[in-house]
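What follows is each chain in one-letter form.
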Amino acid sequence: MNYEPVIGLEVHAQLLTRTKLFCSCSTQFGNEPNANTCPVCFGLPGVLPVLNRRVVEFAIRAGLATNCQITRKNIFARKNYFYPDLPKGYQISQYENPICTKGWIDIEVKGEKRRIGLTRIHMEEDAGKLLHEHPVSRSKAASWVDLNRAGVPLLEIVSEPDIRLPEEGVVYLKELRRILMYLDVCDGNMEEGSLRCDANISIRPVGTKKFGTKVEIKNMNSFRHIEKALYYEIKRQTEVLKGGGTTAQETRLWDPEREVSESMRSKEEAHDYRYFPDPDLLPVEIDERWIEKIQSNLPELPQKKRDRFIKQFQLSPAQAEVLIETGEIASFFEQMLQKYPDSKKLANWIINSPFPVTKLNPDHLTKVLTLVDAGTLSSNMAKEVLQKVYETGRPPEEVIEKEGLTQVSDTAALEAAINEAISENPKEVERFRGGEEKLFAFFLGQVMKKTKGKANPKIVADLLRKKIGR
Ligand SMILES: [Zn+2]
């Protein structure tokens, strides 16, 4: 029997607000443990949460950009569980009526278009962090609690179980991440945990509708880990079922070092969160005008930009894909086109740049590309010039002059080099004239060597033909 996987993904995206969800503490990453805290973060008795309006705005932005319906009356709920990084004993989240529902993201995998549904997007606060090693003194054997992250605003974005292949999951995540970054609601930094992913996976016999027993894999923070974990889990479950066993509903953890998933807890140990509406927070009513205002301020989204770039600038899908990778590159490209309108050439230079091209002054880049077109710089020299411009910030004219990097097109200078090459290699001239056509390249090489690579190869070839005949 053949099985097919059914995959749903839950993404936690940290929002780019300056302050936390329910207090005015900073959200800055990397500060001293507990530097960004107050009585609200610690959950001390008698404190009251005050909602950060920006978080609601960001949630609406994300919802509108992913085709969701926006819930008008929002209720915050307490999700109760006990863990040392959560001193209140509950996390403030949304349960019924999440702020966004029924959206979707379109993706394309191997030329096939797929629509991945979004069940919901809701707002919630992050918990703190446990450190099992003292951040300063390693000798103090104990566990330490850092609540800098407690109360940091998150969006939880839950997909429908519409994903069938690990690659589809990765493409979906990349697209979602890019949308959030375009919207300026999340910095997308997976290493710092600004974007984390849980996956629900089950398998079922091909052709059946009923879902199999699902396994959840927690807290992955790189596309590579996610893809590997999904493949591993599909293989593991398939082997269990083919061997006549049954899979258990459980939560597993991915170990990226050993590349295996391991059971963390089974369904029997699963939490009963006892959700109930938070009595300290009033329902949040969202009116039509606010939604309209946010809608009218949405940027052009990556997919639209990609399609437009292909059509408007005659780019290949692969070129467009690279140029829309971030809003920054896309707008640099469009800005450059005002100065240098050859879209295909420009796209190639931007895509093949070995350093972040957006760091260049557009005028500097224009100057160099124009010199290449004029034959003053070879493309290799242009790369060298751009690298130096990038490193030093100096204008290209200065770099070219200082490094002596112009292509020699001056006929007299080139003729001198050609004459030298001819008189040094009389035998080769004879052989060439006798029909050994491949020696032409040898002479070209000699001239290039004599001019230290600066000769304009096209002009050299023309002159050489005239001198040695054939
Ligand atoms: Zn605080």
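Data block above holds the structure.
The sections below set out a description of the structure shown in this document. (Residues numbered from 1 in each chain as written. Predicted model: local features only at pLDDT ≥ 70, side-chain atom pairs only at ≥ 80, totals over all residues. Heavy atoms only, no water.)

1. A closer look at the side chain of Asp255
Note that Asp255 resides in strand 13 (residues 250-255). At 2.9 Å, the side chain of Asp255 forms a polar contact with the backbone nitrogen of Glu257. Here the side chain of Asp255 touches Arg258 through a polar contact of 3.2 Å, side chain to side chain. (Helix = DSSP H or I, 4+ residues; strand = E, 2+ residues; numbered from the N terminus. Polar contact = N/O pair within 3.5 Å; in protein donor to acceptor, adjacent residues only side chain to side chain.)

2. Here's the deal with the packing of helix 3 (residues 166-182) against helix 4 (residues 223-242)
Two elements in contact, helix 3 and helix 4, have axes separated by 9 Å at closest approach and are oriented at 150°. In terms of axis orientation, helix 3 runs roughly antiparallel to helix 4. The interaxial crossing formed by helix 3 with helix 4 has right-handed handedness. Along its contact with helix 3, which presents Pro166, Glu167, Val170, Leu173, Lys174 and Arg177, the element helix 4 presents Phe223, Ile226, Glu227, Leu230, Tyr231 and Ile234. Considered class by class, the residues forming the contact of helix 3 with helix 4 number eight nonpolar, no polar and four charged. (Axes fitted to C-alpha atoms, helices over the stretch in contact; angles between N-to-C directions. Parallel < 35°, antiparallel > 145°, perpendicular 65-115°, else oblique. Left-handed = near helix turned anticlockwise from the far one by under 90°. Contact = heavy atoms within 4.5 Å. Nonpolar A, V, L, I, M, F, W, Y, C, P; charged D, E, K, R; others polar.)

3. So, the coordination of the zinc ion
Within the protein, the atoms that donate to the zinc ion are Cys23 (SG), Cys25 (SG), Cys38 (SG) and Cys41 (SG), at distances of 2.3 Å. One can describe the donor arrangement at the zinc ion as tetrahedral, given that its four donor atoms subtend angles of 101 to 123° at the metal. Positions of the donor residues of the zinc ion along the chain correspond to the pattern C-x1-C-x12-C-x2-C. Taken as a pair, Cys25 in the loop between strand 1 (3-14) and helix 1 (39-42) and Cys41 in helix 1 lie far apart in primary sequence, 16 residues in all. Both residues of the pair, Cys25 and Cys41, belong to the buried class. (Donors = N, O, S within 2.8 Å, 3.2 Å for Na, K, Ca; no water. Tetrahedral: all angles 85-135°; square planar, octahedral: opposite > 155°, others 65-115°. Buried < 20%, exposed > 50% of the residue type's maximum accessible area, 1.4 Å probe, protein only.)

4. Let's talk about the layout of surface pockets
Space inside the second largest pocket adds up to approximately 550 Å³. As for the second largest pocket, its lining consists of 19 residues, and the residues nearest its centre are Glu108, Glu175, Arg178, Arg306 and Glu321. When residues of the lining of the second largest pocket are traced back to their parent elements, those giving at least two are strand 6 (100-109), helix 3, helix 6 (302-313) and helix 7 (317-323). Considered class by class, the residues forming the lining of the second largest pocket number seven nonpolar, one polar and eleven charged. (1 Å grid on protein atoms, 1.4 Å probe; cavity = no way out; pocket = protein on both sides within 12 Å on 5 of 7 lines; lining within 4 Å. Points joined across faces, edges and corners; volume = space filled by probe spheres on them.)

5. Some points on the environment of Glu430
Among the structural elements, Glu430 can be located in helix 14 (residues 426-433). The spacing of Glu430 and Thr246 is 184 residues in sequence and 82 Å in space, taken between C-alpha atoms.

6. A few points about the sheet that holds strand 4 (residues 77-80)
Taken in spatial order, the three strands make up an open sheet running 5-4-15, and their pairing is antiparallel. Two strands in the sheet have a free side with no partner beyond their single neighbour: strand 5 (90-93) and strand 15 (276-277). Sheet topology note: the strand 4/strand 15 ladder contains two bridges and is antiparallel. The residue of strand 15 that forms the bridge with Arg78 is Phe276. (Pairing = 2+ DSSP bridges.)

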